[in-house]
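Structural characterization, general
The primary structure of each chain is shown beneath.
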Amino acid sequence: MKTIAIVEDDRLLNEALSRMLSGAGYRVLRGYTLQDGIRLIYEDPDLMIIDIGLPDGKGTEICRRAGEYSRIPVLFLTARDEERDMLEAFDLGADDYLVKPFPMTVLLKHVEAILRRTGGEENRIIYRGLAIDPDRKAVFCDGREVRLTPREYSMLELLARNKGKVVTKRMILEQVWDADGAFVEENTVNVTLNRLKKKVEPDPADPIYIRNVFGLGYTFGE
Ligand code: CA
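Residues numbered from 1 in each chain as written. Predicted model: local features only at pLDDT ≥ 70, side-chain atom pairs only at ≥ 80, totals over all residues. Heavy atoms only, no water.

Overview of the coordination of the calcium ion
Looking at the metal site, the calcium ion is ligated by Asp 9 (OD), Asp 51 (OD) and Gly 53 (O), spaced 2.2 to 2.4 Å from it. Each donor residue of the calcium ion lies on the same chain, and together they follow the pattern D-x41-D-x1-G. One end of the pair, Asp 9, is in the loop between strand S1 (3-7) and helix H1 (11-23); the other, Gly 53, is in strand S4 (residues 53-54), with 44 residues separating them in the sequence. Take Asp 9: its relative accessible area is 31%, and that puts it in the partly exposed class. (Donors = N, O, S within 2.8 Å, 3.2 Å for Na, K, Ca; no water. Helix = DSSP H or I, 4+ residues; strand = E, 2+ residues; numbered from the N terminus. Buried < 20%, exposed > 50% of the residue type's maximum accessible area, 1.4 Å probe, protein only.)

What follows is the structure, encoded as structure tokens:
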């Protein structure tokens, strides 16, 4: 599980970022000041999200220290009038920046892109409010972890990995129920799938993740 440190003195934004990132399956550390940020460097997060305008100094100072300590990727948050600080931040080795206000989904894309670039294999599958972490076999829906049985989990991961394609019942039987698939009733797939939908879909009657493709199987996403 990747750790992200947020250093932002705007408490509402800090809270919103934290909620969204935990929801996407990240471990989140939070700070509100330059001093907090410098302390958080030593927790060795995989990424720091730092507001440039902090009450006790410039967020870029954390970047300078982080650069001295180790190469922690940094994403800066700036207000429009902080362009000069931003350029300085890039000189100090910042990886990216976002100008406030920004949609949370955009921030998440930037975070994923930086982590992909900078840190090993990031397997996490994220789609809308759903995050699947194959390393831990964990699933998160809008911030809360959802408990799935091993079969439900395997089914969800199989569907998500084939996003946009039709996954047939046969594929599911072969991959989720192993070679014994031939002895499993097709109805078992339906039953497990319906249970899975109830756990992950905000409205199982009008699913946004898993849809039936009549006569063929199922599909994940649009
Ligand atoms: Ca600020």
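Considerations on the domain arrangement of the protein
Partitioning the protein into domains gives domain 1 (3-122) and domain 2 (126-220). Look at where the C-alpha atoms of domain 1 and domain 2 centre, and you get two points 34 Å apart. In this assembly, 6 residues from domain 1 lie in contact with 5 residues from domain 2. Counting the surface lost from both domain 1 and domain 2, the interface buries some 420 Å², and carbon and sulfur atoms represent 57% of this. The three residues of domain 1 that bury the most area against domain 2 are Gly 23, Ala 24 and Gly 25, which together make up 63% of that side's buried surface. Taken together, the links from domain 1 to domain 2 amount to 0 salt bridges. Considering only residue class, the side of domain 1 that touches domain 2 consists of 2 nonpolar, 3 polar and 1 charged. (Domains from an automatic or database assignment. Contact = heavy atoms within 4.5 Å. Buried area = accessible area lost by both parts, 1.4 Å probe. Salt bridge = Lys/Arg side-chain N within 4 Å of Asp/Glu carboxyl O. Nonpolar A, V, L, I, M, F, W, Y, C, P; charged D, E, K, R; others polar.)

Observations regarding the sheet that holds strand S12 (residues 166-168)
Hydrogen bonds along the backbone pair up the strands of a sheet, which may run parallel or antiparallel. Strands sit in the order S12-S14-S13 across an open sheet of 3 strands; the sheet is antiparallel. Of all the strands in the sheet, the pair left with one neighbour each is S12 and strand S13 (210-213). Between one strand axis and the next, the sheet turns by 35° as a mean value, whatever way the strands run. Bridging between S12 and strand S14 (residues 217-220) involves 3 bridges; their strand directions are antiparallel. Within the sheet, the bridge partner assigned to Val 167 lies in S14 and is Tyr 218. Across the sheet, helix H7 (residues 169-176) touches S12 and S14, and the angle it forms with S12 is around 65°. Contacting S13 and S14, helix H8 (residues 186-200) crosses the sheet at an angle of about 150° to S13. (Pairing = 2+ DSSP bridges. Axes fitted to C-alpha atoms, helices over the stretch in contact; angles between N-to-C directions.)

Structural notes on the pattern of salt bridges
Per the counting criterion, the structure on display carries 11 salt bridges. Note that Lys 100 and Glu 8 form a salt bridge whose closest N and O atoms lie 3.1 Å from each other. Placement of Lys 100 in the loop between strand S7 (96-99) and helix H5 (104-118) and of Glu 8 in the loop between S1 and H1 is noted, with a sequence separation of 92 residues between them. Given a relative accessible area of 0%, Glu 8 falls into the buried group. In this structure, the salt-bridge partner of Arg 30 is Glu 15, at a minimum N-O distance of 3.2 Å. Separated by 15 residues along the polypeptide, Arg 30 in strand S2 (residues 27-31) and Glu 15 in helix H1 bring together distant segments of the chain. For Glu 15, a relative accessible area of 32% puts it in the partly exposed group. Connected through salt bridges with shared partners, the residues Glu 8, Asp 51 and Lys 100 form a single ionic network.

A few points about the sheet that holds strand S9 (residues 130-133)
Reading across the sheet, the 4 strands line up as S8-S9-S10-S11 and stay open at both edges, with antiparallel pairing between neighbours. The open sheet has two edge strands with one neighbour each: strand S8 (125-127) and strand S11 (144-146). Going across the sheet, the axis of each strand differs from the next one's by a mean of 25°, ignoring polarity. In the sheet, strand S10 (residues 138-141) pairs with S11 via 3 bridges, with the strands oriented antiparallel. Paired with Cys 141 across the two strands is Arg 144, which belongs to S11.

Comments concerning the pairing of strand S6 (residues 74-78)
Most of S6 is tucked away: 5 of the 5 residues are buried. Alternating positions in S6 separate into two faces, Val 74, Phe 76 and Thr 78 on one and Leu 75 and Leu 77 on the other, with burial throughout. Across 4 bridges, the pairing between strand S3 (residues 47-51) and S6 is parallel. Among the inter-strand pairings, Met 48 is bridged to a residue of S6, identified as Val 74. With 4 bridges joining them, S6 and S7 adopt parallel strand pairing. Residue pairing in the sheet places Leu 75 in a bridge with Asp 96 of S7. Following the backbone out of S6, through helix H4 (residues 83-91) and into the adjacent parallel S7, one traces a crossover that is right-handed. (Right-handed = clockwise from strand over helix to strand, strands pointing away.)

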